[in-house]
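The primary structure of each chain is shown beneath.
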2 protein chains.
Amino acid sequence: MTARPANPHQARLLRLLRDGGPSSRAQLGDRVELSRSKLAVEVDRLLETGLIVADGLAASRGGRRSHNVRIAPGLRFLAIDIGATSIDVAVTNAELEILGHLNQSMDVREGPVAVFEQALAMARKLQDDGLAGQFDGAGVGVPGPVRYPEGVPVAPPIMPGWDGFPVREALSQELGCPVMVDNDVNLMAMGEQQAGVARSVRDFICVKIGTGIGCGIVVGGQVYRGTTGSAGDIGHIRAEPDGRPCACGNTGCLEAYFSGAALARDAEIAATEGGSPELASRLAAAGTLTSVDVAAAAAAGDAASLELIRAGGARTGQVLAGLVSFFNPGLVIIGGGVTGLGHNLLASIRTQVYRQSLPLATGNLPIVLGELGAAAGVTGAARLISDHVFSSA
Amino acid sequence: MTARPANPHQARLLRLLRDGGPSSRAQLGDRVELSRSKLAVEVDRLLETGLIVADGLAASRGGRRSHNVRIAPGLRFLAIDIGATSIDVAVTNAELEILGHLNQSMDVREGPVAVFEQALAMARKLQDDGLAGQFDGAGVGVPGPVRYPEGVPVAPPIMPGWDGFPVREALSQELGCPVMVDNDVNLMAMGEQQAGVARSVRDFICVKIGTGIGCGIVVGGQVYRGTTGSAGDIGHIRAEPDGRPCACGNTGCLEAYFSGAALARDAEIAATEGGSPELASRLAAAGTLTSVDVAAAAAAGDAASLELIRAGGARTGQVLAGLVSFFNPGLVIIGGGVTGLGHNLLASIRTQVYRQSLPLATGNLPIVLGELGAAAGVTGAARLISDHVFSSA
């Protein structure tokens, strides 16, 4: 069992070293409100536990040169990001650098037992590659609302068999280490905050457009999960009064118009109804279409594909415009599978938001694509579990 | 100049006494993480500054009986709540009880100099009534976005002449005490949290439907103001694609459909076009109509008025449904001038939200009218300034 910090000061020091890398005691002293002698005591205690180690001489600041310290380089976190149609598994060190990353297709509807069997097999593969022995903690993302911090999926619409499954408890027993579970979109937001485009932003939203569409909300640097863990569930906000029927039973939901699933369906319609020879030939070749085909066709100049992206971006932008007026974020990130649609999508979203939201809310509001791609989720998962492990009980 | 707490422990003790009333040292000890001896030191120092006073013997908990302490009963806060068409001014003690409260009509468009001249005259009236000598702080609400904590209104749409006016600085000089300024809707939310329906709720939204429509957002017990202070500005969220033109230049905004101003206009149309004899006779008598007339007509069974309320509630509910899915609050409060429309309005809002939002977000979501009426804003203003005065620099 890995040691845990004994008090909030130690927890704070560990997080500083996680995020800032090797540091001198003087550098740490600049960041924490501790007297020099108390800081020395806490650093020494952390050295004794093995959570941090000495790491060469620090640069001189005029006085006697001291040793740098860094977080123990042997600590290993397991990061599991379950999507609707695939699993990402990665191993990171305690500075949350990804040491190895695997991705496999898997339908989340096969249920938690099958999905975690696969995820654990991928984790063992990374261990066998020499990337980790025992894990010091595991962070897990699932594509639906989660009762946090218990780590139990709640009424996940696209995940039959997952409702109430004790993910945290089951994996913790299996792995013999602490486990934390969160919604996949929250992890994407945390990942972009940890190592991506949101690094210095305190209030932002991160929209994931994958098979479905959801949104992570960060307030004051912390993920905001809402009263029952469903905050950010924007896929079923009404984009059109009396609009298309949605799988949820309502009509006009954003997801009924734009998401990986809606886009694939609309692309197949365009292909079969003669609207796009480009998509038709791709459908004939592959038997099915995804957002990747739409992106490729658009890049080849296919007008129908460009229009699908424009219309989808406009619907998304319309809903986001309202959320931007409400939440007044400092940044909007667009991520997830359909970001392959790239700047056409982004342009369409921006147009709507800048046109419809209040000038005061959009005057200085970047709307950008996520920077980390598939690494965002696993980085966020590692951040989630490290926040837990590097906290005092 | 009133003394200020010297450290965060003293600040915490003062807020506990503000919210909990007279308490024994033992009761305070249960609420703060301080050793018995350190607690005694801080309480003694607060007694020396005069910020708290001894207040009779505490009930015995088995040992030697000690004295209760309470916050100095002579402290006085001034609370000013500027609305679009009226001013509320109140005086409270340090436990935020309202000792006196005046309301006068005033058009905010007359500009900050005239408005504050009036507000200060009202304050002097309350002083002359013997309710206060010198004020220990003043909290001020204005009906538009505020750059916080500088206390300067920013680009307020309905307030020509207010943009950039240094409210905090000007009033602070005038009154000779600390002043804090915030948006009026945020103050309503804080008031309901301090003494109304949101007392134990950490995450909620408070919708104020007055001349315009806005929303206060509370996250983790704290008002969330957004990146540029415009969070909660929901009046210009689009309720209808290609809908009515709005004063803001866009089309289909919620405020173009429902607010005190929109309701008055629609009522006059119903009156003059023969849709409502009841409203017509009221218009003939008074020369103008307000939401008060619509409420009275609806209570008298006027079908056109009931339909105006129902339609307005449905539009509001439609926008709130999206915000509830996004924010997953623990409570939605409806307040402001049009709450005279009462349960017809509430029923219409509820229907839309419960129908359109995700079941996980509405499963346990009370949607209620505010409890404090006009006292919400001034209570929130007193809370705002007391949070500032009872904090350590």
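To keep things clear, this report deals only with the structure shown in the data block. Since the model is a prediction, treat every value here as computed from it, not as a measurement.

## Quick word on the packing of helix α11 (residues 303-327) of chain B against helix α12 (residues 342-356) of chain B
All names here are of chain B.
Moving on, step 1. The interhelical angle for the contact between α11 and α12, taken along N-to-C directions, is 35°, at an axis separation of 7 Å. Crossing geometry of α11 relative to α12 is assigned as right-handed. On α12, the residues touching Leu306, Ile309, Arg310, Gly313, Ala314, Thr316, Gly317, Gln318, Leu320, Ala321 and Val324 of α11 are Asn344, Leu345, Ser348, Ile349, Gln352, Val353 and Gln356.
Moving on, step 2. Here the residues of the contact of α11 with α12 sort into nine nonpolar, eight polar and one charged.

## Points about the relation of the copies chain B and chain A
Moving on, step 1. Overlaying chain B on chain A yields an RMSD of 0.0 Å, the required transformation being a rotation through 180° with an accompanying axial translation of 0.1 Å. The superposition operator between the copies reduces to a two-fold rotation axis. Closest approach to the rotation axis among the C-alpha atoms of chain B is made by B:Leu323, whose C-alpha sits 3.6 Å away.

## Focus: helix α11 (residues 303-327) of chain A
All names here are of chain A.
Moving on, step 1. With 25 residues, α11 extends 35 Å from end C-alpha to end C-alpha; this agrees with the ideal 36 Å at 1.5 Å per step.
Moving on, step 2. α11 sits mainly inside the fold: 19 of its 25 residues count as buried.
Moving on, step 3. Once α11 finishes, asparagine 328 follows within two positions and takes phi at roughly 50°, a positive value.

## A look at the interface of chain B and chain A
Size of an interface: often given as the accessible area lost when the parts come together.
Moving on, step 1. Facing 37 residues of chain B, the contacting portion of chain A comprises 37 residues.
Moving on, step 2. Interface area, chain B with chain A, both sides summed: about 3,200 Å², of which 61% is carbon and sulfur.
Moving on, step 3. Counting across the chain B and chain A interface gives zero salt bridges.
Moving on, step 4. At the boundary of chain B with chain A, the tally comes to 18 residue pairs in polar contact (both at pLDDT 80 or more).
Moving on, step 5. Among the elements that line the side of chain B that touches chain A, the one with the most residues is α11(B), at six residues.
Moving on, step 6. Residue composition of the side of chain B that touches chain A, by class: 18 nonpolar, 14 polar and five charged.

## Observations regarding the nonpolar core
The nonpolar side chains of soluble globular proteins are, as a tendency, buried together.
Moving on, step 1. Membership of the largest hydrophobic core comes to 91 residues, with the highest contact counts inside it found for A:Leu320, A:Phe326, A:Ile334, B:Leu320, B:Phe326 and B:Ile334.
Moving on, step 2. B:Val43, B:Leu96, B:Met188 and B:Ile385 belong to the second largest nonpolar core, which has 43 residues in total.

## Some points on the sheet that holds strand β5 (residues 86-92) of chain B
Residues and elements named next belong to chain B.
Moving on, step 1. Judged by pairing direction, the sheet is mixed, and its five strands sit side by side in the order β6-β5-β4-β7-β10 without closing on themselves. At either margin of the open sheet sits one strand with a lone partner, and together these are β6 (98-105) and β10 (179-183). Strand-to-strand twist of the sheet, defined as the mean angle between neighbouring strand axes without regard to direction, takes the value 15°.
Moving on, step 2. By the bridge criterion, five bridges tie strand β7 (residues 137-142) to β10 in an arrangement that is parallel. Bridge assignment links glycine 141 to a residue of β10, and that residue is aspartate 182.

## Brief notes about unusual backbone geometry
Most peptide bonds take the trans form, and the phi angle of most residues other than glycine is negative.
Moving on, step 1. Of note, the amide linkage connecting A:Tyr148 to A:Pro149 takes the cis form, showing an omega dihedral of 5°.
Moving on, step 2. On the secondary structure map, A:Pro149 appears in the loop between β8 (146-147) and β9 (152-153).

Basis of the calculations
- Residues numbered from 1 in each chain as written.
- Chains lettered and ligands numbered in written order.
- Predicted model: local features only at pLDDT ≥ 70, side-chain atom pairs only at ≥ 80, totals over all residues.
- Heavy atoms only, no water.
- Axes fitted to C-alpha atoms, helices over the stretch in contact; angles between N-to-C directions.
- Helix = DSSP H or I, 4+ residues; strand = E, 2+ residues; numbered from the N terminus.
- Left-handed = near helix turned anticlockwise from the far one by under 90°.
- Contact = heavy atoms within 4.5 Å.
- Nonpolar A, V, L, I, M, F, W, Y, C, P; charged D, E, K, R; others polar.
- Least-squares fit on C-alpha atoms with pLDDT ≥ 70 in both.
- Expected span 1.5 Å × (residues − 1).
- Buried < 20%, exposed > 50% of the residue type's maximum accessible area, 1.4 Å probe, protein only.
- Buried area = accessible area lost by both parts, 1.4 Å probe.
- Salt bridge = Lys/Arg side-chain N within 4 Å of Asp/Glu carboxyl O.
- Polar contact = N/O pair within 3.5 Å; in protein donor to acceptor, adjacent residues only side chain to side chain.
- Core = buried A, V, L, I, M, F, W, Y, C linked by side-chain atoms within 4.5 Å.
- Pairing = 2+ DSSP bridges.

Purely geometric stuff here, so don't read any function into it on its own.
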